[in-house]
Amino acid sequence: MADIVIPADLLPTDGRFGCGPSKIRGAQLESLVTRGATILGTSHRQKPVKDLVGSVRQGIADLFQVPDGYEVVLGNGGSTAFWDAAAFGLIERRAENLSFGEFGSKFAKAAAAPWLEAPHVVEAPGGSLAALEPVEGVDVYAYPHNETSTGVMAPVVRADGDPGALTVVDATSAAGGAAFDVEATDVYYFAPQKNFASDGGLWLALFSPAAIERVERIAASDRYIPEFLSLQNAVDNSRLNQTLNTPALATLLLLDDQVRWINESGGIAWADARTKQSSGTVYDWAASVDFATPFVSEPSHRSQVVATIDLDDAVDAKAVAVTLRANGIVDTEPYRKLGRNQLRIATFTAIEPGDVAQLTKAIEYVVGELPR
Ligand SMILES: *Cc1c(COP(=O)(O)O)cnc(C)c1O
């Protein structure tokens, strides 16, 4: 199977379709070299790096047109670190966690910290969507905007809970690729290695005034909070355009470039239309062939940024992914723990819609060449 050669006219110009780290555009890498020449290898406490952090914060505020009082906060450690930071500094007593895939379930685990009441976890099987349910005493309602492990997308809506309850959205794989209502959220957090086409290691978040107030109140309480995971520290440092400890400067440079590119191209509405076009190409194609079916059966739950496509049992999806990889088309394997005969295709903002169309042709070619 590895010796199947996909004809050149069926290949995408760029073969990166992984869900993170994901495609970084060539222009970003060029800018990393030119702009990086004066920034990489210099102190993160000096003006050039602070200006870079400031530019990232402003660019993100512009991109999401954040309402008055919302702040762009960032810290080190990626979205996984944010879950622990939230357990220490955002959840007052008890969280509700929607768990319909790997990432939602990981936050639920972090929210099961010994100093908190056990979270109210609403589970739904992979490929479907769990729904918010108001529960008395819950002060953080948490769910992923896009469940990257299954390709299910949730509507961004405010939880109808107790007064003062916060709505906290894991937007790691949605942010920068999908439009949503910022005011429906108190914390909309993400990492830059997906639609923002950067490297990992950072978390960024839009905080509402209510979320900032919550952080301040918990920080002033007698709860023990490690320095590194302190959201108060993150808020204070972000206001100064810095992080508690050294950030990855290359990650910031690539991110800043991508945010600027999206803003200059037409902002979040443009990115939203582009990822819808790309994912629509994949779903339409799956409907047009007899060996592929979208994993997410409810069309309105299908993700616009991560398309999961089950293949017929007669077609070995693993062999398809291996063959694609041998031809330079990488990372179409499904989320490992899902264990399905599936291809998972990112349709992030950086990925050219034309390349997604080429990918479907390449897959069809490979399936035609494989023994059935
Ligand atoms: C990738 C991803 C994460 C993990 O991000 P890290 O920066 O690696 O911690 C969390 N949530 C979602 C929805 C993701 O797609």
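Okay, so let's go over this structure. Only a predicted model underlies this, so the values are computations on that prediction, with no experimental measurement involved. (Residues numbered from 1 in each chain as written. Predicted model: local features only at pLDDT ≥ 70, side-chain atom pairs only at ≥ 80, totals over all residues. Heavy atoms only, no water.)

## Side note on the site of the ligand
What counts, and what does not: The near set for a molecule or strand comprises every residue that places at least one heavy atom within 4 Å of it. Pairing of N or O atoms within 3.5 Å defines a polar contact, subject to two protein rules: one partner must be a possible hydrogen donor and the other a possible acceptor, and residues neighboring in sequence count only if both atoms are side-chain atoms. With residues, only the protein chains shown are counted as cover, and all accessible areas are computed by Shrake-Rupley using a 1.4 Å probe.
Near the ligand, the surroundings consist of 13 residues, among which Thr-80, Thr-148, Asp-170, Gln-193 and Lys-194 are the closest. A distance of 2.5 Å separates an oxygen atom of the ligand from a polar side-chain atom of Thr-80. Contact between the ligand and Gln-193: an oxygen atom at 3.0 Å from a side-chain N or O atom of the residue. Out of a free accessible area of 390 Å², the ligand has 87% covered by protein chains.

## A short note on the packing of helix α8 (residues 267–288) against helix α10 (residues 353–369)
Threshold: Orientation is described by lines fitted to C-alpha atoms, with helices fitted over the stretch in contact, and by angles between N-to-C directions that extend from 0 to 180 degrees. A run of H or I in DSSP counts as a helix once it spans at least four residues, and a run of E counts as a strand once it spans at least two, with each numbered from the N terminus. Small angles under 35 degrees read as roughly parallel and large ones over 145 as roughly antiparallel, with 65 to 115 read as roughly perpendicular and the rest as oblique. Here is the rule for handedness: rotate from the far helix to the near one, and if that takes an anticlockwise turn smaller than a right angle the crossing is left-handed, while a clockwise turn gives right-handed. By definition, residues are in contact when any of their heavy atoms lie within 4.5 Å. Residues were grouped as follows: Ala, Val, Leu, Ile, Met, Phe, Trp, Tyr, Cys and Pro as nonpolar; Asp, Glu, Lys and Arg as charged; and all remaining residues, including Gly, as polar.
Packing of α8 against α10 leaves a shortest axis separation of 9 Å and a crossing angle of 15°. Classified by the angle between their axes, α8 and α10 sit roughly parallel to one another. Seen from above, α8 lies across α10 with right-handed handedness. Here Arg-274, Gln-277, Ser-278, Thr-281, Val-282 and Trp-285 of α8 come into contact with α10, specifically with Pro-353, Val-356, Ala-357, Thr-360, Ile-363 and Glu-364. A class-by-class count of the residues in the contact of α8 with α10 yields 6 nonpolar, 4 polar and 2 charged.

## A short note on the sheet that holds strand β2 (residues 95–99)
Within a sheet, neighbouring strands are paired by backbone hydrogen bonds and run either parallel or antiparallel to one another. Rules: When DSSP locates at least two bridges between a pair of strands, those strands are taken to pair.
Across the sheet, 7 strands lie side by side as β1-β9-β8-β7-β4-β2-β3; this open sheet has mixed pairing. In the strand order of this sheet, the two ends are held by β1 (71–76) and β3 (120–123), each with one partner. Neighbour-to-neighbour, the strand axes of this sheet turn through a mean angle of 20°, independent of strand direction. Against the sheet, helix α3 (residues 78–89) makes contact with β1, β7 (166–170), β8 (187–190) and β9 (202–207), and its axis sits at roughly 55° relative to β9, the strand it touches most.

## Some remarks on the environment of Val-156
Formally: Type-normalised accessible area, obtained with a 1.4 Å probe on protein chains alone, sets the label of each residue: buried when under 20%, exposed when over 50%, and partly exposed for intermediate values.
Here Val-156 is to be found in the loop between β6 (152–153) and β7. By relative accessible area, which is 13% here, Val-156 ends up buried. Residues Val-156 and His-145, 11 residues apart in the sequence, show an inter-C-alpha distance of 6.4 Å. Beyond its immediate chain neighbours, meaning those up to four positions away, Val-156 contacts Tyr-143, His-145, Phe-180, Asp-181, Ala-184 and Thr-185.

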